[in-house]
Every structure is written in C-alpha cells, then in structure tokens.
Amino acid sequence: MSKAIMQLDALSCPSCMQKIQSALEKQNGVADVKVLFNAAKVKTNFDESVVSAEALAEVVTKLGYEVQGVKVKQGQ
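Rules used in this analysis
Per chain, residues are indexed from 1 in the order of the written sequence. Local features in a predicted model are, by the rule used here, given only for residues with pLDDT of at least 70; side-chain atom pairs are given and counted only at 80 or more, and totals for whole chains, interfaces and linings are based on all residues. Side-chain numbers here rest on the full set of heavy atoms in the structure, without hydrogens or water. Note on terminology: a nonpolar core comprises buried Ala, Val, Leu, Ile, Met, Phe, Trp, Tyr and Cys residues joined through side-chain atoms within 4.5 Å. Each residue is placed in one exposure class: buried if its accessible area under a 1.4 Å probe, protein chains only, is under 20% of its type's maximum, exposed if it is over 50%, and partly exposed if it falls in between. The helix and strand labels rest on DSSP assignments: H or I over at least four residues marks a helix, E over at least two residues marks a strand, and numbering proceeds from the N terminus. Pairing between two strands requires that DSSP report at least two bridges joining them. Think of each axis as a best-fit line through the C-alpha atoms, taken over the contacting stretch in the case of a helix, with angles from 0 to 180 degrees between the N-to-C directions. Should any heavy atoms of two residues lie within 4.5 Å, those residues are considered in contact. Known as pLDDT, the predictor's per-residue confidence is scaled from 0 to 100. In this description, one arc is meant: the one made by directions from the helix axis to the C-beta atoms.

> Provide a residue-level description of the nonpolar core, including the pertinent values.
M6, L8, I20, L24 and V42 are the most contacted members of the largest nonpolar core, which totals 21 residues. Secondary-structure elements contributing two or more residues to this core are β1 (2-8), α1 (14-25), β2 (30-36), β3 (41-46) and α2 (53-62).

> How would you sum up the sheet that holds β2? Please name residues and give values.
As summarised here, the arrangement of the 4 strands in space is β2-β3-β1-β4, forming an open sheet in which the pairing is antiparallel. The open sheet has two edge strands with one neighbour each: β2 and β4 (67-73). The average undirected angle you get between the axes of adjacent strands in this sheet is 15°. Its contacts with the sheet put α1 on β1, β2 and β3, and the angle it makes with β2 is roughly 170°.

> Tell me what's going on with the confidence of the model for the protein, and back it up with residues and numbers.
Model confidence for the protein is summarised by a mean pLDDT of 93, while 99% of its residues fall at 70 or above. Looking across the protein, the model is least confident in α1, with a mean pLDDT of 93, and most confident in β3, with 97.

> How would you summarise unusual backbone geometry if you had to cite specific residues and measurements?
One non-glycine residue, A40, lies in positive phi territory at about 55°. Topologically, A40 is positioned in the loop between β2 and β3. The exposure class assigned to A40 is buried, which follows from its relative accessible area of 8%.

> Lay out α2 in plain terms, naming residues and giving numbers.
Every buried residue of α2 is accounted for by A53, L56, A57, V59 and V60. Viewed end-on, α2 has its buried residues packed into an arc of 150°, placing them on one side of the element. Relative to its buried face, α2 has exposed residues pointing more than 90 degrees away, namely E54 and K62. Buried-residue contacts for α2 involve β1, α1, β2, β3 and β4. Once α2 ends, the next one or two residues include G64, with phi positive near 105°.

In structure tokens form, the structure reads like this:
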C-alpha cells in the first residue's frame, strides 16, 4: 500500500468533506480515506497496482475541488 496526501484549495463545509470521502472510497484499490477539514487535506491509502494517485486527484477535481498538490509515500 502507498499513501497519498492531497492538499486542496479549501473545504467550505462538512458535506464537502463527506462528498470527497465517499467518492474516493468507491474507487478500486482504495483501502482508507481520511479528510482533514481544517487543513483542507485528504489522506488515502491505496494500491498503486490498481489505481494511481493522479487518478485519485482527478476524482476530487471532477467533484469541483482544486487539488493544489499530491505527495505519495511508497509502502505505507
């Protein structure tokens, strides 16, 4: 498993947080999602052989949120 940490532009409400978490949890290869509302960050554990961090960031972007950066830690 790898870990992706996405920095978002901003989260304006708790329902935004739930919307992102729900969409990412539905992706194949995603094991865990945690959205940090106050920090505007999304942390997810995922299997890189199934899905890429870039694909996960694209899911968030398609929901209407701006991903400012993605850090990936291998083997977390």
